[in-house]
Amino acid sequence: MRMNNLFHFTEHHRYVAYREFSLSQLDQRMLSQVYQPIIGAFAIGLYHFLYQHISADKVGYSAMDSQRKLFLLLGIEPSEKGRAYFIEQTTKLEAVGLLQTSRLMFQDSEDYMFEYALQSPLSPDEFFNTQHLTLLLRDKVGKYTVLSLREQFITDEPFAQLQADAHRENISVPFYEMFRLNTHVIDYELEQALHEVTPSRRGGSAQDSAQEEPVLNYADIITRFPKYSYNRPYVEKLRLDREGMGILDYIARKFELTPVEICRLLDEDGVFNTEGRLVLDELQHRAHLQFRQTKRRGEWREREQQKIEQVQKDQKAQRSASHEMHSPDRAAAQIQEEVAVEMEFYVEVAPQCKDKCDVHQYNMMLRNAPYTKLLEKYFPGAVPDSFLDMFTKIDLNYKLPDEVINVLIHYIMMLTAQEGTQRISGAFVERIASNMLVKQVQTYEQAVQYIRTQASVTTESANRTGQAGSKPRAAGGRGNNSRYAKQQRPAIPVVQPSTESVAWSQSDRERALELARRLDENS
């Protein structure tokens, strides 16, 4: 029983007991010899006491009564200590599957009551095939006692020696071969009467009821909501608003919100309109923000936990390596063999690593080295923390293999070297990783094929852009952009000095000098 405040569970609250089975002699023996060593005699006595609330030849609900009577008849003091002890005993019954406790909120008041639904004990075969119950019984009574109890509850087959050669054939007659029903006449009155007299808890298996049961109900919200909140009157109206509760249940399922988080959202301004009805868009927007924040917090917690485990693993590996320094054969056996890379999946060496390794070493490093070791090759000093965190998030949250992350790092480094601009950002890297996840890139070969496809697409788009930019314009025509056309300067021809030597004759020189004297005289 989950009860955070003992004042919410007192002797003044009312209760009912419910069961839909009857205990047989086998069930009685299972309770006394199997369940009692696990949870204790008082818990089994409480189970029998609740069982006797309903007549042995009937099933359904008991009469509604105060829990004070329950405490007094069990000899429990109606105090804080007695309530805590009662909660402990019911919790033991719930843990082994003998009891299911519910809290029912009344619509006409803020009072509530408790329902103790008894469950039948498991059969011997089901109990001893349930691993956690068998292990718990072994911890209580020992292994040999468990084997002895199993032999006491199960009898041996008289034909066990002949069973290996026997062939079992089912010769039973099914229902519809023996009986015929008149399905042409439907008795609605009989069906309605059977439905009315049937207890409300009955019908359907436990799995079906668990699937149809809503995540939220009005009691979960009103018991956690602040009493003096401004939105308290609007929340109280939800007990009669099936549509509003359906909206809250839908949002809780969609964004995986707990009742506490739903109450926190309902306490904010803007989630109710002036008429006191829920604003679905606003509530869904804030629930989405809460979901994203919880998701980021979980991812950060997972990364930090992984870092702690990695540090502990490294320390353990260092200690084991120091102990195995004198045993080289054993240490060599633990070294993992490297995986070779086929020539068709070779990639060129990134400019940052051309002076450090050749193409064969580089591809072997991409295929076999962890991404943390690969990042150290690209930087002369320490790897920046912001750069390392981007790929740590991809490793821990997206679960991409190391060789795929290595190819991703190679692709980003090649883009940066070719374009000459800094494109390494968290959003850019995450966008490529998300695209890899969508295309289910999980191996080294698939990753190499992916970056080749992306490179070819980028090259084709660049070629199309270059051809469109170098297209000649029509003579006398204006460009598409007049602003750039005005800024363009006209092409002015410039006389270039000739490098060729010209041979002058003596007569040519004399004519040139005579022409120069005439021009001087005229001037």
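All values reported here derive from a predicted model rather than from experimental measurement. (Residues numbered from 1 in each chain as written. Predicted model: local features only at pLDDT ≥ 70, side-chain atom pairs only at ≥ 80, totals over all residues. Heavy atoms only, no water.)

Enquirer: Before we go on, may I ask you to explain the overall build of the protein in this structure?
Expert: The helix and strand tally for the protein stands at 24 helices and 5 strands. Across the 523 residues in the protein, those meeting the buried criterion constitute 31%. Looking at the protein alone, contacts between residues at least 24 apart form 66% of all its contacts between residues at least 6 apart. (Helix = DSSP H or I, 4+ residues; strand = E, 2+ residues; numbered from the N terminus. Buried < 20%, exposed > 50% of the residue type's maximum accessible area, 1.4 Å probe, protein only. Contact = heavy atoms within 4.5 Å.)

Enquirer: What am I meant to see in the packing of aromatic side chains here?
Expert: The way to describe two aromatic rings as a pair is by their centre distance and the angle between their planes. All told, the structure shown has 15 aromatic pairs when counted by the stated rule. Measuring from centroid to centroid gives 5.3 Å for tyrosine 234 and phenylalanine 272, while their planes differ by 40°, and the two rings are tilted. Of this pair, tyrosine 234 sits in helix H12 (residues 232-236) while phenylalanine 272 sits in the loop between helix H14 (259-266) and helix H15 (280-323); the two residues are 38 residues apart in sequence, bridging distant segments of the chain. You can call tyrosine 234 buried: its relative accessible area is 18%. On the basis of relative accessible area, phenylalanine 272 is assigned to the buried category, the value being 9%. Pairwise contacts between aromatic rings join Phe9, Tyr15, Phe71, Phe86, Tyr112, Phe114 and Tyr116 into one cluster. The positively charged end of arginine 19 is found above the aromatic ring belonging to tyrosine 51, 4.2 Å away from the centroid. In this structure, lysine 143 is placed above the aromatic ring of tyrosine 144, and the distance from its NZ or CZ to the ring centre is 5.4 Å. (Phe/Tyr/Trp six-rings, centres within 6.5 Å; stacked < 30°, edge-to-face > 60°. Lys NZ or Arg CZ within 6 Å of the ring centre and 35° of its normal.)

Enquirer: Would you mind going over the environment of asparagine 231 with me for this structure?
Expert: Checked against the element boundaries, asparagine 231 lands in the loop between helix H11 (218-222) and H12. Put simply, asparagine 231 and leucine 266 are 35 residues apart on the chain and 7.3 Å apart in space, counted from C-alpha to C-alpha. Beyond its immediate stretch of four places on either side in the chain, asparagine 231 contacts Phe225, Leu266, Asp267, Glu268, Val271 and Phe272. From its side chain, asparagine 231 meets the backbone oxygen of glutamate 268 in a polar contact 3.0 Å long. (Polar contact = N/O pair within 3.5 Å; in protein donor to acceptor, adjacent residues only side chain to side chain.)

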